Amino acid sequence: MTIIENIFSRKKKLSIEEFVNRTLYKKKIGYYQNKNPFGKDGDFITSPSISPLFSEMIGIWIINFWESLNKPTNFNFVELGPGNGQMCRVINDLFQKFPEFYKSINIFLYEKSTTLKKIQKRKINSSKIKWISNFNNLKKGPVIFFGNEFFDAIPIKQYVKKNNIFYEKFVEIQKKNTLGTILKKASKKDTEEILKFKVLKNLNFIEYPKMGFQILNKIIKVIERKKGGILLIDYGYIKQQKKSTLQSIKNHKKQNFFENIGQSDITSLVNFKLLKEYLHKKDLDVSNIVTQSFFLKRVGILNRAEILSNKMSFRQKADLYIRLKRLLHPKIMGNLFKVILASKNGKKKLGFN
Ligand SMILES: C[S@@+](CC[C@H](N)C(=O)[O-])C[C@H]1O[C@@H](n2cnc3c(N)ncnc32)[C@H](O)[C@@H]1O
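Summary of the structure given here. (Residues numbered from 1 in each chain as written. Predicted model: local features only at pLDDT ≥ 70, side-chain atom pairs only at ≥ 80, totals over all residues. Heavy atoms only, no water.)

### Focus on the pairing of strand β11 (residues 247-250)
Pairing of β11 with strand β13 (residues 265-267), which is carried by 3 bridges, proceeds in the antiparallel orientation. For Q247, the partnering residue across the bridge sits in β13 and is T267. The pairing of β11 with strand β12 (residues 253-255) spans 3 bridges and is antiparallel. In the strand pairing of β12, S248 is matched with Q255. What sits between β11 and β12 in their antiparallel hairpin is a turn of 2 residues, with N251 showing a positive phi close to 50 degrees. (Pairing = 2+ DSSP bridges. Helix = DSSP H or I, 4+ residues; strand = E, 2+ residues; numbered from the N terminus.)

### Notes on helix α9 (residues 188-195)
Taken as a whole, α9 has its buried residues at D190, T191 and I194. Down the axis, α9 shows its buried residues gathered within 100 degrees of arc, on one side only. Across α9 from its buried face, at more than 90 degrees, point the exposed residues K188 and K189. Against β6 (157-162), β7 (165-174), β9 (205-208) and α10 (210-226) lie the buried residues of α9. (Buried < 20%, exposed > 50% of the residue type's maximum accessible area, 1.4 Å probe, protein only. Arc of directions from axis to C-beta. Contact = heavy atoms within 4.5 Å.)

### Digging into the sheet that holds β13
A sheet is described by the order of its strands in space; here 3 strands give the open sequence β12-β11-β13, paired in antiparallel fashion. The outermost strands of the open sheet, each flanked by one partner alone, are β12 and β13. Each adjacent strand pair in this sheet contributes to an overall mean axis angle of 40 degrees, direction not counted. (Axes fitted to C-alpha atoms, helices over the stretch in contact; angles between N-to-C directions.)

Below you can see the structure in the form of structure tokens.
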């Protein structure tokens, strides 16, 4: 059986969302089920692998969030989609330097890929850290959820509006075993859901993170019950896009969406205005959307780099600042990546805006 036949398993067409979901996560053949995609030898590199300073800043921000809740003696931290476990390792080391905080915290990792779970378990060895697949299994006390490039890895739906009628994009096997897209009238339920959002009004092309919102909804219920918040960092936009933001990446290069199925990562850009409207509708306190560069600088990444670099050789300093530039430069990751916080009885704002 070819990989395409396996993905479709006798179905003629799949919604874009389902097609991407199977391509990335189907047992045995899905991209995230088979390989470690991170790093120089993989297909892409993310902030925690660019510099440990990224993870340290997230750690410092979390301790600050805990302090703003009056240092509860039981506190939960959930990392959403921990990838190769790099951030969790750095953050766990950092947390240990703050004994009162470390005594209070329970760390949970929420991961869908069995292969990545194995990689994480090899990398992180601490009784503080547990893996969960159900958010109801957290310990007592408030919670902070954090995800870096979590939301952009969750498949989205795509719709086209013609003469006021919504059509959903599907993928189908066409002649000679090639793939193509077709439009099918969208369900009434989906259309009604989309129409609830101001940000999506008057658009003729819409990307809608239905699956992402389902996960977010579960998270929000936990936040409402336990108090706390969610901090998300992602590759995303504010000005509404008129065309598909889905992209397929292999060996650090963009390629045709239908090439190397199961061997390449597929992501989409996060619509931060839509995300903000969704979080508002759920009655959470939502921060402004800020850039990654603004966020990391405000938490103190430049000061930390300066302190570290005092003891470094010239070569080490150069390496540190090249990595920082990658995280902070507006044309590299600094502005493309955005940050948002939503909370309940916690911090209304990111702490500085
Ligand atoms: C692009 S990677 C980012 C990894 C990591 N946060 C980083 O910055 O390096 C996306 C991560 O989210 C996980 N993921 C995607 N969808 C998920 C879901 N529905 N539930 C749990 N984990 C998921 C992936 O398996 C992977 O670990």
